[in-house]
Amino acid sequence: MAADNCDPRQQVHTLYRDHHAWLQLWLRRRLGNVSDAADLAHDTFARILDSRLPAVLHEPRAYLTTVARGILVNWYQRRALEQAYLEALAQLPEDQAPSPERQLLILQTLHEIDAMLDALPAPVRRAFLLSQIEGLTYEAISRELGVSLITVKRYMARAFRQCLACME
Amino acid sequence: MSAPDNAILDEAAEWLVVMNAGAVSARDREAWMAWRARSAAHEQAWQRAERLMGAFADMPAALAMPALNRRRSRRAALAKLAALLALGPAAWGAWRWSENEGWTADYRSATGERRELRLDDGTRLTLDTASAVDVRYDAAQRLVLLRAGEIYIETAGDPRPFEVHTREGRLRALGTRFTVRQQDGRTRLAVLEGAVRVTVDQDAQTLQAGAQTTFSARRIDTAGPLVQADTAWTQGMLLADGMPLADLVAELARYRKGILRCDPAIASLRVSGTFPLADTDRSLAMLAATYPVSIASRLGGYWVTLGPA
């Protein structure tokens, strides 16, 4: 490993020491609650630790809020998914509810799928979910969406391609 | 692992469309097999496609549809997320072909499960945790494709040759008992009885009973002696003899759902013992009872961390 003039860990440490309290307050004003703000502040620094910091940080707070904004949007999105998931779970008859461990796995996979499909236009996404989740045939999807069979296949290819590209 | 290039991923996506169309013609299947066999990168792209299918196949529609199909805010749609679909091999379990033509039979085991099978010719096949095989028998050959994990094979007498294929190479059984494990970029082979002929891209070697080796797609490592620990899993046991704790934890993790981590501070601690694979909670409790190790369990046992006591 190359010997850097400024150790990145030291740099993050300084950033944390000087601005953590401020960032937490910034998040708290947006979230209206202390513990979520503390979590997301922690996530912000965790992400910074995982990434490469610019050698010189002229505007540390602007940098922090840029990273924190991304995390905030991500967090809202995850929460919306969790909300919808929990509502659906509450609707299930008791004997059909998956075990708690499985519920956690399902939720994790849903987050991953959701993220992969994020960039797709609504009709493509819908066609894809009807096929892969509901198990409808392409013909049934073309009737449901009122588009041609060729279009359904094009939608499917696009969605599959998007997913494959997102995977490691 | 290098990423398959874009053109190959485009083609993989097209094949997914074809394969998901319900009835797949024999001709399409053949063309798909040929596409897949074209290069390692093609096969790798397809492995990715299968993992993707597994993720969907396991989803209960009643939960997944409302969660994924919710109304999306503008703001959320703008969010760029990096997604990692880090699914274990067990997750692609439910990948299903229309099996009406019967030329492919898929078998798999769940995480923590050990599954024993007897194939048509009487060959015994045991799947270790989170393992999967395709079995393809025809008039001329008996072929087992190891897709993930580890298998134990005890071949039955039959005039047709018996082969196991992994991502790296081909193994021909010469009247034998042996185990094969698919690892990341490598295959591990241990021969208990008889002999196994290994063929990779530019190398071939016959391994006799009592030997074990690993090989990449290019070359076969020098064979070493087989120790009991190599095949203890077939008896449901993990044998450790001065094994670094981190290695033991990595092994046990293969048999557990959820996440099992080891604090780096104790990673190199040497441990010995016989640990039951069917009950990894007990294995962990045994560790904590004999070594200066503490166990912190969160999320109902889903997330377990071993730390210094």
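Basis of the calculations
- Residue numbers run consecutively from 1 along every chain, following the written order of its sequence.
- The naming scheme follows written order: chains are lettered A onward, ligands numbered 1 onward.
- Restriction of local features to residues with pLDDT of at least 70 applies here, the model being predicted, together with a cutoff of 80 or more for giving and counting side-chain atom pairs; totals for whole chains, interfaces and linings are based on all residues.
- Secondary structure elements are defined from DSSP: runs of H or I of at least 4 residues count as helices, runs of E of at least 2 residues count as strands, and each element is numbered from the N terminus.
- The contact criterion used is a C-beta to C-beta distance within 7 Å, with each C-beta placed from the backbone.
- The span expected for a helix works out to 1.5 Å for each residue beyond the first.
- Counting other C-beta atoms within 10 Å of a residue's C-beta gives its exposure: the residue is buried at 20 or more, exposed at 12 or fewer, and partly exposed in between, where C-beta atoms are placed from the backbone.
- Scored from 0 to 100, pLDDT reflects the predictor's confidence in each residue.
- Each axis is a line fitted through C-alpha atoms, taken for helices only over the stretch in contact, and angles between the N-to-C directions span 0 to 180 degrees.
- By convention the crossing between two helices is left-handed if the near helix lies anticlockwise of the far one by an angle smaller than a right angle, and right-handed if it lies clockwise.
- Following the grouping adopted for this structure description, the nonpolar residues are Ala, Val, Leu, Ile, Met, Phe, Trp, Tyr, Cys and Pro, the charged ones are Asp, Glu, Lys and Arg, and the polar ones are all others, Gly among them.

A.B. asks: Give me the overall build of chain B: which residues, what numbers.
C.D. replies: Looking only at helices and strands, one finds eight helices and 16 strands in chain B. Sequence-distant contacts, at least 24 apart, represent 42% of the contacts inside chain B between residues at least 6 apart.

A.B. asks: A description of helix α3 (residues 60-91) of chain A should follow, citing residues and the corresponding values.
C.D. replies: In this model, α3 of chain A (32 residues) spans 47 Å end to end at C-alpha, consistent with the 46 Å of a helix rising 1.5 Å per residue. Three or more residues of α3 of chain A are buried, namely Leu 64, Ala 68, Leu 72, Asn 74, Gln 77, Leu 81, Ala 84 and Tyr 85 of chain A.

A.B. asks: Tell me about the confidence of the model for chain A, and please be specific about residues and values.
C.D. replies: Chain-level statistics for chain A give a pLDDT mean of 83 and a share of 92% at 70 or above. Here α3 of chain A stands out as the element of chain A with the lowest mean pLDDT, 83, in contrast to helix α7 (residues 149-166) of chain A, whose mean of 93 is the highest.

A.B. asks: For the packing of α3 of chain A against helix α4 (residues 61-68) of chain B, give the residues involved together with the corresponding values.
C.D. replies: Closest axis-to-axis distance for the α3 of chain A/α4 of chain B pair is 8 Å, and the angle between their directions is 145 degrees. The two elements α3 of chain A and α4 of chain B meet at a crossing, and its hand is right-handed. Here α3 of chain A contributes Leu 81, Ala 84, Tyr 85, Glu 87, Ala 88 and Leu 89 of chain A to the contact with α4 of chain B, which in turn contributes Ala 62, Leu 63, Pro 66 and Ala 67 of chain B. Classifying every residue of the contact of α3 of chain A with α4 of chain B by side-chain character gives nine nonpolar, no polar and one charged.

A.B. asks: Just give me the short version of the interface of chain A and chain B, but keep the residues and values in it.
C.D. replies: At the junction of the two partners, chain A supplies 44 residues and chain B supplies 40 residues. Where the side of chain A that touches chain B is concerned, the elements lending two or more residues are α3, α4 (100-117), α5 (122-132) and α7 of chain A. Among the residues making up the side of chain A that touches chain B, the classes are represented as 28 nonpolar, six polar and 10 charged.

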